[in-house]
Amino acid sequence: MPRITRENLAEVVDGIDWDFLQKFVEVGGKQKAELDRLSKRPPSSSSHASLEEQINSRCQTALIGFKMQEMAGGGLTARGPGAGRFPPVQGGMLDCLNQLKKIVIDDYNASQRSQRTVNYKKIPVLLKRVRSLLRIFYDCQIGQKAHPDLLLCDWPQVFDVGLELHKIALYLSLDRPRLLAVMDGAGAEFETFVLEDPFDVGQYRLIAQALQEAVAKDEEADDDDRMDAGEVESKAGGDLAAHLMGWFYGDLHTALILNEPDGNEKEKKWARKAMKRLVFWSTNHVMRDVVGDSLTDAMKPIYWYKEPLIRFCQAGGMAALIGDWVNSSCQVLCEETLKDLPDECWENQTKKSLAAITKELQYKVAHESSEIVVTPIFVNAMYNMYRHYGISPFSSAGRQEGRDDPVLFYYLQHRIKKEGLGMNTKSDWRKLLQNYVDIPKSAERRYHWENCTISIKWDCLEFYGCNNPACPEKKALMDLRKRRVRGVRVKEVEDRLDKWGSRCPACSACGETAYCSPTCQKEHWPTHKPICVKKRKDRKK
Ligand SMILES: [Zn+2]
Ligand SMILES: [Zn+2]
Ligand SMILES: [Zn+2]
């Protein structure tokens, strides 16, 4: 591959702003290092810091994420249509946030000094107002509609709403007596708001999700269908209402979970509900996409401490930890947590939680190179999963439908079953996973083929089957493809396609290529020879 330089890339990418890109990469690198530093567990000496200092430091991650978004022109800078009035309009967003802060911070502080009572009952009312204004704003923005309450959306930039909510929630989560006073004082309505109300992801996200599912299920879906669904999804992705509520919910759920071990009966009940919610939100893919990094940011204390981590994993949350290792603002933290994962974390897993775990592991392989599977995190995960639950999570993951690539698990269960492998030690696993890394290309292609839907087999037949570019059977199949009518399926034709894709014998010398006939192999030999020789040499090393 030619080296990419400023000059030749400019030919490919029109109108690229190089100075911006360079600055973005430079700042991004620094910010990434800063995020990694911030995701580390705070030293126990920092518990002597004042509440305000602790809150400020916990807000840094959100602020850095926002700065990067701001540079890239992301949606978090959106100005509310009612912004700019002073004093803020009554019942508007700024007014609600100010009132919430006054109750949670000032009124509570005052009540500790004197015997004054605080009207905590207003809290859920104000929070519902905040949530509904965000909803109205985004529904109008995406659906290009108007609503009288838009004038109450008076924030200068919408990120501030999320940040203020984060701060309010941190006052509660880092100060247990304050949290108890508020939970007790605000009563059932607040409890319902935090622990029971269905999470509103917005109508556009729901439409996008339904469309994605329909396309994934449709055996005959083609690239156009996938593009259409992708377009709707990216439009719906502009809805940040749930993302902005993510810190608030995540901070409170995390605090309630952390407080469980020495909590009273009520706290234990809250903790159970919070755990159920947090596990669902953080492991469900739709929810992860919607809430995004705000939830991960708020959940960090669970990854910091072994005791809540074990409970979280046993309740089905391990997939969140792996997912945050694949992609989040605290990847380094998650990697360290996973390297040092207590064995108890693997107990009590269900079919559903194991499916979520294997799915995240597949994502990790797809994001990195396949060598990642021989690292200790993968070896440990496979070893523990098999030790506790046998072959079944591997078999299920090997035939997962939809967008994911099940090849890794398909391969593992196939080898274990076919060869009756024992797989009793970590070193057995390391060996099998190393075999996976070394799979010859022809076998890898065949595994992929076996997991493709019929429409993908037709669309992508160039990449499978016989490696001879002049293969007559490939040409014949490509002709048949042209004549194919969507919805009309001819069994003989499909069998012919299938046979060609899955039954070409590999080059016996190297295993890298495969051919449907000796003639095809002979025709391709002049091209294949140098690769074949090199592969054989590499293998001898
Ligand atoms: Zn694939
Ligand atoms: Zn051929
Ligand atoms: Zn060869």
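About the thresholds
- Residues numbered from 1 in each chain as written.
- Chains lettered and ligands numbered in written order.
- Predicted model: local features only at pLDDT ≥ 70, side-chain atom pairs only at ≥ 80, totals over all residues.
- Heavy atoms only, no water.
- Helix = DSSP H or I, 4+ residues; strand = E, 2+ residues; numbered from the N terminus.
- Buried < 20%, exposed > 50% of the residue type's maximum accessible area, 1.4 Å probe, protein only.
- Contact = heavy atoms within 4.5 Å.
- Areas by Shrake-Rupley, 256 points an atom, 1.4 Å probe, with all protein chains shown as cover.
- Patch = residues over 30% accessible without salt bridge, like charges linked within 9 Å, V, L, I, M, F, W, Y side chains within 5 Å.
- Salt bridge = Lys/Arg side-chain N within 4 Å of Asp/Glu carboxyl O.
- Donors = N, O, S within 2.8 Å, 3.2 Å for Na, K, Ca; no water.
- Tetrahedral: all angles 85-135°; square planar, octahedral: opposite > 155°, others 65-115°.
- Core = buried A, V, L, I, M, F, W, Y, C linked by side-chain atoms within 4.5 Å.
- Phe/Tyr/Trp six-rings, centres within 6.5 Å; stacked < 30°, edge-to-face > 60°.
- UniProt positions renumbered as here; feature names shortened; annotations may be inferred.
- Domains from an automatic or database assignment.
- Buried area = accessible area lost by both parts, 1.4 Å probe.
- Polar contact = N/O pair within 3.5 Å; in protein donor to acceptor, adjacent residues only side chain to side chain.
- Axes fitted to C-alpha atoms, helices over the stretch in contact; angles between N-to-C directions.
- Parallel < 35°, antiparallel > 145°, perpendicular 65-115°, else oblique.
- Left-handed = near helix turned anticlockwise from the far one by under 90°.
- Nonpolar A, V, L, I, M, F, W, Y, C, P; charged D, E, K, R; others polar.

Our next topic: the overall build of the protein. Counting its secondary structure elements, the protein contains 25 helices and zero strands. Summarising its shape, the C-alpha atoms of the protein cover approximately 95 × 55 × 45 Å along the three principal directions. Residues counted as buried form 47% of the 541 residues belonging to the protein. Residue pairs in contact within the protein that sit at least 24 positions apart in sequence constitute 72% of those at least 6 positions apart. Surface exposure of the protein reaches about 27500 Å², of which carbon and sulfur atoms provide 54%.

In this section: a nonpolar patch on the surface. Together, Phe 20, Leu 21 and Val 25 line one region of the surface with nonpolar side chains, adding up to about 250 Å² of accessible area. By the secondary structure assignment, Phe 20 is in helix α2 (residues 18-39).

Coordination of the zinc ion (ligand 3) by the protein is provided by Cys 507 (SG), Cys 510 (SG), His 528 (NE2) and Cys 532 (SG), with metal-donor distances spanning 2.1 to 2.3 Å. Considering all four donor atoms around the zinc ion (ligand 3), the spread of angles at the metal, 98 to 114 degrees, places the coordination shape in the tetrahedral class. Binding-site remark: the zinc ion (ligand 3) is held by donors from one chain whose sequence spacing is C-x2-C-x17-H-x3-C. You can see Cys 510 sitting in the loop between α24 (491-502) and α25 (518-540) and its partner His 528 sitting in helix α25, a full 18 residues away along the chain. Residue class for His 528 comes out buried when judged on its relative accessible area of 1%.

Soluble globular proteins tend to bury their nonpolar side chains together. Within the largest apolar cluster, 127 residues are counted, with the highest numbers of intra-cluster contacts made by Phe 190, Tyr 303, Met 382, Leu 408, Leu 412 and Trp 429. Of the residues forming this core, the biggest block, 11 residues, is contributed by helix α10 (residues 241-258). For Met 382, the contacting residues outside a window of four places in its chain are Leu 361, Phe 394, Leu 408, Phe 409, Leu 412, Trp 429 and Leu 433. Counting 19 residues, the second largest nonpolar core, distinct from the first, contains Trp 449, Leu 497, Trp 500 and Tyr 515.

Here the structure, examined in full by the defined rule, presents 21 aromatic pairs. Each ring, one from Tyr 410 and one from Tyr 447, has its centre 5.4 Å from the other, and the planes form 70 degrees; the classification is edge-to-face. With Tyr 410 in helix α19 (residues 407-419) and Tyr 447 in helix α21 (residues 441-450), this residue pair connects regions lying 37 residues apart in the sequence. With respect to class, Tyr 410 is no different from Tyr 447; both count as buried. Put simply, the rings of Phe 193, Phe 199, Phe 248, Tyr 249 and Trp 281 touch in pairs and so form one group of aromatic residues.

In the numbering adopted here, UniProt assigns the feature "domain: MYND-type" (unreviewed entry) to residues 507-532. Taken end to end, residues 507-532 is 58% helix and 0% strand, and its first and last C-alpha atoms sit 9 Å apart.

Domain annotation of the protein identifies domain 1 (52-202 + 239-304), domain 2 (328-439) and domain 3 (455-540). Between domain 1 and domain 2, the C-alpha centre-to-centre distance is 36 Å. The interface is formed by eight residues belonging to domain 1 together with nine residues belonging to domain 2. Both sides of the domain 1 and domain 2 interface together cover about 740 Å² of buried area, and 66% of this is carbon and sulfur. Summed over the three residues of domain 1 that lose the most area to domain 2, namely His 285, Asp 293 and Tyr 303, the buried surface amounts to 56% of that side. Our count for the contact surface shared by domain 1 and domain 2 stands at zero salt bridges.

Each neighbour pair has its own omega, and for Phe 86 with Pro 87 the value is -5 degrees, a cis peptide bond. Phi angles above zero are rare outside glycine, and Gln 144 is one such case at about 50 degrees. By the secondary structure assignment, Gln 144 is in the loop between α5 (122-143) and α6 (159-173). In this model, Met 423 sits at a positive phi of 55 degrees, which is unusual for a non-glycine residue. The class for Met 423 is buried, based on a relative accessible area of 6%.

In this section: the side chain of Ser 111. Checked against the element boundaries, Ser 111 lands in helix α4 (residues 93-113). Here the side chain of Ser 111 touches Tyr 108 through a polar contact of 2.7 Å, landing on its backbone oxygen. Beyond its immediate chain neighbours, meaning those up to four positions away, Ser 111 contacts Arg 116, Val 118 and Tyr 120.

Running from N to C, helix α14 (residues 306-326) and helix α15 (residues 331-339) point in directions that differ by 130 degrees, and their axes come no closer than 9 Å. In terms of axis orientation, α14 runs oblique to α15. α15 is crossed by α14, and the crossing has left-handed handedness. On α15, the residues that touch Leu 309, Leu 321, Ile 322, Asp 324, Trp 325 and Val 326 of α14 are Gln 331, Cys 334, Glu 335, Thr 337 and Leu 338. Split by residue class, the contact of α14 with α15 holds seven nonpolar, two polar and two charged.

A few words now on the coordination of the zinc ion (ligand 2). For the zinc ion (ligand 2), the protein coordination sphere consists of Cys 466 (SG), Cys 471 (SG), Cys 516 (SG) and Cys 520 (SG), at 2.3 to 2.4 Å. Each of the four donor atoms bound to the zinc ion (ligand 2) contributes to angles spanning 100 to 120 degrees, and the resulting shape is tetrahedral. Sequence spacing of the donor residues for the zinc ion (ligand 2), all on one chain, is C-x4-C-x44-C-x3-C.

Quick look at the side chain of Asn 259 now. Along the chain, Asn 259 turns up in the loop between α10 and α11 (265-283). Dropping the residues within four chain positions of it, Asn 259 is found in contact with Arg 176, Leu 179 and Glu 267.

Further remarks concern the pattern of salt bridges. Pairing between side chains of opposite charge can happen when the charged atoms of each approach one another. Following the criterion strictly, the structure yields 35 salt bridges and no others. A salt bridge links Arg 387 to Asp 343; the nearest nitrogen and oxygen atoms lie 3.9 Å apart. Of this pair, Arg 387 sits in helix α17 (residues 376-389) while Asp 343 sits in the loop between α15 and α16 (351-367); the two residues are 44 residues apart in sequence, bridging distant segments of the chain. A salt bridge links Lys 491 to Asp 495, with the nearest nitrogen and oxygen atoms 2.7 Å apart. Within this pair, Lys 491 and its partner Asp 495 are both found in helix α24, separated by four residues, close to a single helical turn.

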